[in-house]
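Observations on the three-dimensional arrangement
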Amino acid sequence: MSGTVAQDASNGGRRDAGLSLAWPVFDAAAMPGPEERMLLRESVRGFLAEHWPAAGAVERSDDRAAVAALWRGLVGQGLAALGNEPGEGGVRESVLVMEEMGRAACPAPMAGALLANLLLERFGAGDAHARAWLSGLHGASGGSGMPMRLAVAPHLGPDDAQAGTLRIDDGQASGTLAFVDGAMHATHVLVVPTGTPGTLACIDLAGGGVQLHPARAMGLVPGAAWSELRLHNAGASTFALAPAAAAALPHLLRLLCLARALGAARRAFELAVDYAKERRQFGQPIGRFQAVQHKLANNLIALEGVRLTLANAAAAFDLGSADAPYFAATAFAFGAQALRQVALETHHAFGAIGYAEEHEAPRHFRRAHLDGLALGGAARARAEVAALLLDDDTATLPEYDLGEAGNALRNDVREWLREHWSGERKAAFDRRAFHEREFDPEFACDLGRTGWIGLGWPTEHGGQGRGPREQLAFMEVMERAETPRYGAAVQVNALLMHGTAEQRARYLPEILRGEAMHGMGYSEPEAGSDLASLRMSAVLSDDGREWVLNGQKIWTTTYWGKYMFLAARTERDLEVNRRTPHAGISMFIVPMDTPGITVKPARTMYDGSFANSFYDDVRIPAENIVGPVNGGWKVLTDALANERGLVGGGIVLKVAHAFDLLCRDVRADPALRRDPLVRDRIGQLASEIEVGRQLMIHCAELAESGTTPPEMGAISKVFSGELMERFGEAALDLLGPRAALSQGAPGALRHGRYEQNLRHSLMWVISIGTNEIQRSLIAQRGLGLPR
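With that out of the way, let us pick up the overall build of the protein. Check the secondary structure of the protein and you find 24 helices and 17 strands. With the C-alpha coordinates aligned to their principal axes, the bounding extent of the protein is approximately 100 × 65 × 50 Å. Counting every position in the protein, which comprises 787 residues, the buried fraction comes to 58%. Residue pairs in contact within the protein that sit at least 24 positions apart in sequence constitute 75% of those at least 6 positions apart. Here the protein has roughly 30600 Å² of accessible surface; of this, 53% comes from carbon and sulfur atoms. Side chains of the protein carry 78 positive and 92 negative charges; the gap between the two charge centres is 3 Å.

Time to look at unusual backbone geometry. Most peptide bonds adopt trans geometry, and most residues besides glycine take a negative phi value. In the Ramachandran plot, phenylalanine 179 falls in the positive-phi region, its phi being about 60° despite a non-glycine side chain. A positive phi angle is found at phenylalanine 282, which is not glycine, with a value near 55°.

Right, let's talk about the packing of aromatic side chains for a bit. For the structure on display, the rule yields 17 aromatic pairs. Seen in terms of ring centroids, tryptophan 416 and phenylalanine 443 are 6.0 Å apart; in terms of plane orientation they differ by 65°. Their pairing is edge-to-face. Placement of tryptophan 416 in helix α12 (residues 403-420) and of phenylalanine 443 in helix α14 (residues 441-448) is noted, with a sequence separation of 27 residues between them. Judged by centre distance (5.5 Å) and plane angle (75°), the rings of phenylalanine 474 and tyrosine 486 are edge-to-face. With a gap of 12 residues between them, phenylalanine 474 in helix α15 (residues 468-480) and tyrosine 486 in the loop between α15 and α16 (489-498) connect regions that are remote in the sequence. In this structure tyrosine 486 comes out as partly exposed when scored by relative accessible area, which is 26%. Put simply, the rings of Trp416, Trp421, Phe429, Phe443, Trp452, Phe474 and Tyr486 touch in pairs and so form one group of aromatic residues. Between arginine 693 and the ring centre of tyrosine 400, over which it is positioned, the NZ or CZ distance is 4.0 Å.

What follows covers the pairing of strand β5 (residues 199-204). Pairing analysis gives four bridges linking strand β4 (residues 188-191) to β5, with the strands arranged antiparallel. Each residue of the ladder has a partner; that of histidine 188, found in β5, is aspartate 204. Where β5 meets strand β7 (residues 226-240), five bridges bridge the pair, whose relative direction is antiparallel. The partner of isoleucine 203 across the bridge, within β7, is alanine 236.

Moving on, we get to the pattern of salt bridges. With the rule as written, the count across this model stands at 53 salt bridges. Put simply, arginine 673 and aspartate 393 hold a salt bridge, and the shortest N to O gap is 2.5 Å. Within this pair, whereas arginine 673 is found in helix α20 (residues 670-674), its partner aspartate 393 is found in the loop between α11 (377-390) and α12, the two being separated by 280 residues in sequence. For arginine 673, a relative accessible area of 19% puts it in the buried group. Look at aspartate 393 and you get exposed, because its relative accessible area is 53%. Residue glutamate 546 pairs with arginine 619 through a salt bridge whose shortest N-O separation is 3.0 Å. Note that glutamate 546 is positioned in strand β12 (residues 546-556) and arginine 619 in strand β16 (residues 609-621), a separation of 73 residues in sequence. A relative accessible area of 29% places glutamate 546 in the partly exposed class. Given the relative accessible area of 45%, arginine 619 is considered partly exposed. Salt bridges linked by common partners bring Arg103, Arg266, Glu270, Glu304 and Arg307 together as one network.

Our next topic: the nonpolar core. Leu48, Leu74, Trp133, Leu296, Phe659 and Leu662 are the most contacted members of the largest nonpolar core, which has 158 residues in total. For this core, the leading source of residues is helix α7 (residues 243-278), giving 19 residues. Dropping the residues within four chain positions of it, leucine 48 is found in contact with Pro53, Leu70, Leu74, Glu100, Met101, Ala104 and Cys106. Membership of the second largest hydrophobic core comes to 41 residues, among which are Val413, Leu447, Phe565 and Leu640.

Let us look at the environment of valine 152. In this fold, valine 152 is placed in strand β1 (residues 150-152). Counting along the chain gives 31 residues from valine 152 to alanine 183, while the straight-line C-alpha distance between them is 7.6 Å. Leave out the neighbours within four places in its chain, and valine 152 touches Ala111, Gly112, Leu115, Val180, Asp181, Val189, Leu190 and Leu253.

Moving on, we come to the environment of alanine 352. Considering the arrangement of structural elements, one finds alanine 352 in the loop between α9 (324-350) and α10 (361-371). A relative accessible area of 60% places alanine 352 in the exposed class. Separated by 263 residues in the primary sequence, alanine 352 and tyrosine 615 have C-alpha atoms spaced 56 Å apart.

A cluster of nonpolar residues, Met605, Leu762 and Ile766, forms a patch on the protein surface that exposes about 290 Å² of accessible area. Along the chain, methionine 605 turns up in the loop between β15 (597-603) and β16.

Turning our eyes to something else, we now look at the environment of glutamine 552. Secondary-structure assignment places glutamine 552 in strand β12. Placed 64 residues apart in sequence, glutamine 552 and aspartate 616 show a C-alpha to C-alpha distance of 8.7 Å. Discounting residues that sit within four places of it in the chain, glutamine 552 has contacts with Ser523, Glu524, Pro525, Met536, Asn612, Ser613 and Phe614.

The rules behind these values
- Residues numbered from 1 in each chain as written.
- Predicted model: local features only at pLDDT ≥ 70, side-chain atom pairs only at ≥ 80, totals over all residues.
- Heavy atoms only, no water.
- Helix = DSSP H or I, 4+ residues; strand = E, 2+ residues; numbered from the N terminus.
- Buried < 20%, exposed > 50% of the residue type's maximum accessible area, 1.4 Å probe, protein only.
- Contact = heavy atoms within 4.5 Å.
- Areas by Shrake-Rupley, 256 points an atom, 1.4 Å probe, with all protein chains shown as cover.
- Lys, Arg positive; Asp, Glu negative; His and termini not counted.
- Charge placed at Lys NZ, Arg CZ, Asp CG, Glu CD.
- Phe/Tyr/Trp six-rings, centres within 6.5 Å; stacked < 30°, edge-to-face > 60°.
- Lys NZ or Arg CZ within 6 Å of the ring centre and 35° of its normal.
- Pairing = 2+ DSSP bridges.
- Salt bridge = Lys/Arg side-chain N within 4 Å of Asp/Glu carboxyl O.
- Core = buried A, V, L, I, M, F, W, Y, C linked by side-chain atoms within 4.5 Å.
- Patch = residues over 30% accessible without salt bridge, like charges linked within 9 Å, V, L, I, M, F, W, Y side chains within 5 Å.

Geometric values such as these leave the question of function open.
Next comes the structure, spelled out in structure tokens:
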């Protein structure tokens, strides 16, 4: 499944308190695969489009007969049996079905059936009593020959007092249950009785002793979402839950609710995108306005984050990962809040038309909000995440399974670093000022001897031909070890894709050995993100043997490198440049010791440095052009596109490492460790880091199958870059003044890394195309909005 990196039980997983239960492990080969899930989605969507079209759902949300008839059809499709057998579907398939239910604004109580199957069969002991009862769910039982329909009550423990209380004596239930989802359309309700977390009860709503009071929630027709049940000696069946099932119950219910909310929010978002393409204001489609584009781009980023974290959490349960509860809690902590914001932003895009009840959007707005409140909402999920990270002194973020080769490489790199980047060598490096830590020639050469600088290069060019997951494994370990820079990825991409055989033979070996760094000479005083406006000129000499460069480059960080990968204008026809400015650019490799280059370094606000560089009649060999004359824009964009998919991953790995350090420092202070506001912020950051990591993995998967679409790399870069800023601000808030002390100041935490990381984070939002430019790319390439 896309984005799935949960470790299965055979890989160990976490060892934190509360995560030691052994989840059932099923043969992955016996489970449905991606193609089967795609067919399932198409089937469910097609069935609902025919029998419960979303456009008309509002008129029938309280029509019990219509929902009962629909349910018979859903049972006939086999959906009520999903999760019962591994080969028929598990948590991933159940989540998929709930997404489609949300998309169709369908009130049928599907969550209860899916939850019962998962708890009593998939994660249960599979006893005869439970199986006999489940057969009534899958077939024609539940009274009057009608298939049983299960609502779900949210009461799951002592912290849910506002949801009511319930006791069961001798098969009779008494008490009050509030916020029962789908009760109006159900024959039975599932609930965990008060004080018995290992027991699941099923209450018969058709028998005596039940009073159902429909509630009007979020302006819906009473009972369309929630109802209150008042019970007095109502008939009830009980089932003993296996320990894994009891522990999984709240997480599974959350995932089902989140999936339905995602389906609803995604459907409304798609409607808003279509509307933005058609609705005209001021003589043009509103989707052409940058404000609308960026709003919709933000929504797409959030929706992708929810989709990927939800899919990963569901897969974690299916694959028996010990980290499944962590992934479920972080998915809900992010998703419940994000989808509500998406719902708001979607209505902003619709404007007044979205207020009309006959429009489809209002019911999706309600569903996204109601399902986001399940089981204490995002706040309780954040509290659970914080408990997993702060209550165990050894806790860290879960380590992703990057495949057999990726995991092996991760261990190999760790071993190498223990020998080559530890002890006094590492300590001495850490004592240096930041601008002296950007690059270490000795370390680069040591690393060059391993061949890992060419980890992803083709073997025919001296590389190791490793895939994106192995590259991520390498990046992760190097980031955690806080190593200096290495390699020249963009320039290598350009040479591999557009360089001549002679250029590759000359430049690649010295990069591979760690002997040469290449800077990027792109930005100019009048050309930043709008690189097509650059003015630096490159003129071929009369004898055709040299290019003569004149102009200025600014903000160059690797100005101290051996070479500069430089963009210059080679088209001399002013009219051509005016009409098609991208077409007149070429790319060059410029040795930085060439006469005529003047470099003026300047200190950056993050204690690093960049330079303004002046090129006055700089002459370089004609063969130093990379790609065709006037074809540099493709050389540049191809090289960046190939790298941009990993840029967001590199950023989020930095944040993940810094976050683990932050958790250690919070745990070291008993007052901070107990502070509920601190814990809430930790839970929020952890959930956002999971989004960033899932986006990183998704980009790697896309690269494995060919190439990462520009909009997907942009989504990863935007989210992770801004996450780094949020993390830096949060670290100051949580740790206080000591975190603001810089390197060398008495009492500075982590050598001043927290505040320095915050100052450095600004660069990641601006570099490689500002996030505003990236949002426009996402809107235009990812959503098809007009330029």
